[in-house]
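So the chains spell out like this:
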Amino acid sequence: MPDDQDSPTVFEVPGLSAPVEIRIDTWGVPHLYASSRDDLYLAQGFNAARDRLFQIDLWRRRGLGLLSGVLGERYLEHDRAARLFLYRGGMEEEWRAYGPDVEPAAKAFTAGINAFVELCRRRRSLLPPEFALLGYEPALWEPSDVARIRSHGLYYNLNDEVARALTMRDFGPEAEDLRKVREPSPHRLRVPDGLDLSVIPDDVLRVYRLATVAPWAGPAAVPTAEGRTGPGTAAPRTGLDGSNNWVLGPSRTATGRPMLANDPHRAVTLPSLRYLVHLSAPGLDVVGGGEPALPGVSIGHNGRVAFGLTIFPIDQEDLYVYRTDPDDPTRYRYGGGWESMVRVTESVPVAGGEDAEAELWFTRHGPVIRRLPERNVAFAVRAAWLEPGMAPYLGSLNYMGAGDAGEFTEAMRRWGSPGENQVYADTAGTIGWCPAGRVPVRHGWDGTLPVPGDGRYEWAGHHEPGTLPSVRDPHSGWIATANQMNLPPSYPAAERTVTYDWYAPYRYLRIAECLEARDDWTVEDCVRLQTDHLSLPARGILPLLDGLSGSGEDPRTAAALGLLRGWDARLAADSPAAALFEIWFRRHLRPALLRSALRHVLPGGLANGSADGPADGHANPLADGLVERALARILPAEDAAADARGDLSLLLAPEGRLGPDGAREMRRVLLGSLAGAFAEAERLLGSDTAGWRWGDLHRSLLCHPLAGPVRERTGSEPEWTTIGPAPRGGSGDTVGAAAYTSDFRQSGGATFRLVVDVGSWDDSVAMNSPGQSGRPDSPHYSDLFGPWAEDSSFPLLYSRAAVEEHTERILTLRPVDGGTAP
């Protein structure tokens, strides 16, 4: 449905009790005005389908395990995995867990989606072009769809739990200490009694990843050299799934009003993950961002309270390892006997073929993701997010209408998943931090490693709401979170473990130093901080170059030292030094440093050498092979955003960790890795260092998730299946987050940003790249990509007067009066 003068502006919508007005502003943000909440949510669903129908239809099919029905048998594995991780409890218990408002909202919202789908079936010109290209129609929704689908959330810590087990299995606990920093520290790893690490296969999480990582996620959707996209391998989620938020009290702003900023970091996608909307009805007037397939708003303000979230990575997952019956591999040891797995079979439709049967197995803990009958073992996942009331972000319907700070924090007590750091501010000047999410109770174990599934390692419910720490109106006048370990020293981490797997602190530390330095913050200043590209790892490493001599070295080493010395550690897109530093740090320094450290921690008498070989100068192929295998585990080549905390600690405190003379070895590694990095930069960017630009390597290219299937069916790709590329500054370590893959393509970051001026609401700003609409024929499909790439923002309008002044188009939804809808 093109957004032009020839498009319909009046729609008859079944289920409405009164007309609803939708005003679309200059930036594509819809402002919905209804006379009741039921009508408002129905209109929200209708409008979400109007702007994002293909995206939300694909979201539903992927989540319910229905991709094969439209894309063919290649997606059967994904469908089976998705079905394993659906909510399978009773819907009455599910709706009750959220409170009284969520079920009516879900019913109205999905009725609105269905109204637009039915309209498209009558007027096929309204269908987005993807449906015609791929040869299928959008489906109708059930209200339960928005609650049963769980695989789109951000969950923790199953990937780390298994990576830790595999690292310890092959290389020992010292290598694991290099792979991932655990906090709060010190933390000693203890292998659970009865756990045999050797039985865990490398691919134990393949099915889990098929369920939780979309086959077209992020840059994986970009066609390969062989011209194929579509179903991916079971790679782990890489890149940066973090976020930044902060809130400033009246004493810290130029206006004397509170201010709130939020920029979630997810995969850079086409269309964008989030959708801005303004929802107004008696008793509710909220504007902000949410996911287009869900009712409500999760980040924004309601004219009384502003709110924004980041991930608070509660460990809500565990891998259970079972000993199975040699005579019947569907039975597993539990307690003093054998317990049978539950088998569920479901029919999966397959486009162009016969329906397939999906066989699903479950233990008392959850879905079975791997069975090895030849070894008498099986593996299942227990996940808090499969319990009632845990659908990701659906609980935001409870807090988005809060009247003040107290009502907001009370509403957060119901929050289940994912774990969140919520910051908030109200018009009374109150600011606060309220982490929320269900924290499993584990008596005598901490969830850092898989556990036997024989009954000795059970959850004892969840910790009561309110047991997590919180802050209100701190003396500092500001609060910030960036997924860092933010438990206070007094928190009893051993008794009420949240997790030991937190994000690196660099973004938070940079935000904190900036917020603390001023008391005259403005909206524009917050936007600049959201897009700040100063790298704390670079700032920490650069002083180590002082005193290092390039004389007598490879001339490339001297040239590299000359380029990096005096650099301000800002990863600007036009910076030559930034390009060299990121090539050096990610691809040369870190591997060299870890090789050196591994030689001193790996078993088998390898502690007698440096990264170049044993101390006696003789080659040791066996040792080198072990080091390289360990390095591949610790520093995956596909994830250029891997946590660098352990590497930096080796540089800053090398003694005892890099051999008997750690400082000497550290200097050798620094100098020895620079020449190779400089040579690689020359190969990638040319010999003229003055012409090097970080943004010439580090670029954002957005690809439509089904560019590959469209090409396979039609032999070509429409122009709208890609947007970009655009040069990008920053990295996964900067506040202006721009994580990238091994080929430097941006994989994650903040395509959605928000800064709220509390009380002067029309002075708030936002960004949502590449555009508000998912329809390629809409002017708002890609209109925000350029401004986003330039770190800009646009007004987030709230008052009726401001909305009317900037209205681009008006749509009217009206009840059906017994006639035929247009």
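Residues numbered from 1 in each chain as written. Predicted model: local features only at pLDDT ≥ 70, side-chain atom pairs only at ≥ 80, totals over all residues. Heavy atoms only, no water.

Chemist: Looking at this model, I keep getting lost on helix H19 (residues 645-652). Mind explaining?
Modeler: Along an α-helix, a turn takes 3.6 residues, which lines up residues three or four apart on a common side. Extensive coverage of H19 is indicated by the burial of six of its eight residues. Among the residues of H19, Arg645, Gly646, Asp647, Leu648, Leu650 and Leu651 are the ones counted as buried. Where H19 is buried, its residues meet helix H9 (173-179), helix H13 (506-516), helix H15 (536-541), helix H17 (576-598) and helix H20 (662-685). (Buried < 20%, exposed > 50% of the residue type's maximum accessible area, 1.4 Å probe, protein only. Helix = DSSP H or I, 4+ residues; strand = E, 2+ residues; numbered from the N terminus. Contact = heavy atoms within 4.5 Å.)

Chemist: Explain the confidence of the model for the protein chain here, please?
Modeler: Any region with low pLDDT has predicted coordinates that should not be read closely. Across the protein chain, pLDDT averages 92, with 92% of residues at or above 70. Contacts for the low-pLDDT stretch residues 218-235, under 50 throughout, to residues beyond four places or in other chains number 44 contacts. Segment residues 818-822 is flagged for pLDDT under 50; beyond a separation of four residues in sequence, or across chains, it makes ten contacts in the model. (pLDDT = per-residue confidence, 0-100.)

Chemist: For this particular structure, what's the right way to read the side chain of Arg83?
Modeler: Tracing the backbone shows Arg83 in helix H3 (residues 76-84). A polar side-chain atom of Arg83 sits 2.9 Å from the main-chain carbonyl oxygen of Gly65. Within the structure, Arg83 has its side chain in polar contact with the side chain of Glu346 (distance 2.9 Å). Each residue touching Arg83, except ones within four places of it in the same chain, is listed here: Leu64, Gly65, Leu66, Arg88, Glu346, Ser347, Val348, Pro349 and Leu360. (Polar contact = N/O pair within 3.5 Å; in protein donor to acceptor, adjacent residues only side chain to side chain.)

Chemist: What am I meant to see in the packing of helix H1 (residues 37-64) against helix H5 (residues 102-122) here?
Modeler: For any two helices packed against each other, the geometry comes down to the angle between their axes and how far apart the axes lie. Following both chains from N to C, one finds H1 and H5 inclined at 50°, their axes separated by 7 Å at the closest point. The orientation of H1 relative to H5 falls into the category oblique. Considering how the two elements wind past one another, H1 and H5 form a crossing that is right-handed. Together, Asp38, Tyr41, Leu42, Gln44, Gly45, Phe46, Ala48, Ala49, Arg50, Leu53 and Ile56 of H1 and Pro104, Ala105, Ala108, Phe109, Ala111, Gly112, Ile113, Ala115, Phe116, Val117, Leu119 and Cys120 of H5 make up the contact between the two elements. Taken together, the residues of the contact of H1 with H5 break down into 18 nonpolar, three polar and two charged. (Axes fitted to C-alpha atoms, helices over the stretch in contact; angles between N-to-C directions. Parallel < 35°, antiparallel > 145°, perpendicular 65-115°, else oblique. Left-handed = near helix turned anticlockwise from the far one by under 90°. Nonpolar A, V, L, I, M, F, W, Y, C, P; charged D, E, K, R; others polar.)

Chemist: Hey, could you run me through the nonpolar core in this one?
Modeler: For soluble globular proteins, nonpolar side chains are generally found buried alongside one another. In this structure, Tyr136, Leu394, Tyr399, Met400 and Leu813 are the most contacted members of the largest nonpolar core, which totals 133 residues. Among the elements that make up this core, the one with the highest residue count is H1 (13 residues). If we ignore the near neighbours within four places in the chain, the residues touching Leu813 are Phe11, Val13, Leu16, Ala18, Pro19, Val20, Ile22, Ala43 and Phe46. Among the nonpolar cores identified, the runner-up in size contains 58 residues, and Trp567, Leu648, Ala677 and Trp692 belong to it. (Core = buried A, V, L, I, M, F, W, Y, C linked by side-chain atoms within 4.5 Å.)

Chemist: Would you explain the packing of H17 against H19 in this entry?
Modeler: Packing of H17 against H19 leaves a shortest axis separation of 10 Å and a crossing angle of 65°. By the angle between their directions, the pair H17 and H19 is classed as roughly perpendicular. Seen along the crossing, H17 lies across H19 with a hand that is left-handed. On the side of H17, the interface is formed by Phe585, Leu589, Arg590, Leu593, Leu594 and Ala597, while H19 contributes Asp647, Leu648, Leu650 and Leu651. In terms of residue class, the contact of H17 with H19 is made up of eight nonpolar, no polar and two charged.

Chemist: Help me out: how do you make sense of the pairing of strand S5 (residues 259-264) in this one?
Modeler: Every regular strand shows the same layout, with side chains that alternate between the two sheet faces. Judged by how many residues are buried, S5 sits mostly within the fold: six of six residues are covered. The side-chain alternation of S5 yields two buried faces, one formed by Met259, Ala261 and Asp263 and the other by Leu260, Asn262 and Pro264. As paired strands, strand S4 (residues 243-248) and S5 are joined by six bridges and run antiparallel to one another. Following the sheet pairing, Trp246 is matched in S5 by Ala261. Bridge count for S5 against strand S31 (residues 752-757) is four bridges, and the pairing is antiparallel. Residue pairing in the sheet places Asn262 in a bridge with Leu754 of S31. (Pairing = 2+ DSSP bridges.)

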